[in-house]
Amino acid sequence: MAADRDRFSTATRLRALGEQAAERVYRAQSRRLEPKPRRGRLTGRAAVLALVVCTLIVALAYPLRQYIQQRSDIADQRRLAEEAERRVEELRDERARWQDDAYVRRQARERLRYLMPGETGYVLPGDPDTESAERSSADAERARPRGATSATSPWYENLWDGVDRADAVPQAR
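Cut-offs applied
- Residues numbered from 1 in each chain as written.
- Predicted model: local features only at pLDDT ≥ 70, side-chain atom pairs only at ≥ 80, totals over all residues.
- Heavy atoms only, no water.
- Helix = DSSP H or I, 4+ residues; strand = E, 2+ residues; numbered from the N terminus.
- Buried < 20%, exposed > 50% of the residue type's maximum accessible area, 1.4 Å probe, protein only.
- Areas by Shrake-Rupley, 256 points an atom, 1.4 Å probe, with all protein chains shown as cover.
- Phe/Tyr/Trp six-rings, centres within 6.5 Å; stacked < 30°, edge-to-face > 60°.

J.: Help me understand the overall build of the protein, please; the structure alone is not making it clear to me.
T.: For the protein, the helix and strand inventory stands at six helices and zero strands. Secondary structure elements of the protein, listed N to C terminal, follow the sequence α-α-α-α-α-α. Counting only residues that meet the buried cut, the protein has 5% of its 173 residues in that class. Accessible area for the protein stands at about 16600 Å²; split by element, carbon and sulfur atoms hold 57% of it.

J.: What is the right way to read the packing of aromatic side chains from this model?
T.: Per the counting criterion, the structure on display carries two aromatic pairs. With centroids separated by 5.9 Å and ring planes inclined at 80°, the aromatic side chains of Trp155 and Tyr156 adopt a geometry described as edge-to-face. Exposure remark for Trp155: the relative accessible area of 65% places this residue in the exposed category.

J.: What exactly am I supposed to notice about unusual backbone geometry here?
T.: Phi is mostly negative for residues that are not glycine, and the peptide bonds are mostly trans. If you check the backbone angles, Arg113 has positive phi at about 60° while not being a glycine. Within the secondary structure, Arg113 sits in the loop between helix H4 (101-112) and helix H5 (128-143). By relative accessible area, Arg113 is classed as partly exposed at 42%.

Written as structure tokens, this is what we have:
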């Protein structure tokens, strides 16, 4: 009986609890010291998922690019159609103006310097319209290559230019 009492005594129970606690501490420390087996970061499921996502991206990239390009082309064509419609309206308005006899007469007077029968026309020096016409003809003469004839120059200038060209000594190159 003494052994039974000894087994249930407080000192025995405390000693047993202390030993159990020491074993738990030892096991916990040994677990911390042992390297844990490392699991790979890329599991099989993650690899398959990454492969599926990459395949979808590659499969959808070209059609998406084509879609965006076609939308851009459609927008450009609509803009061009609107510009063409505006131009058609402008041309219709201009055609309607040219149907009016008064507009035609005014344009003939302004652009071509036509006069009505019985009128006398004068060209004054310093007139901005005549100066711009003279400047444009002078610019055309300078831009014209040597030897080329102009429909605006008188026949005698063309004749004299031809004589000058025939008389000129060809330059050695």
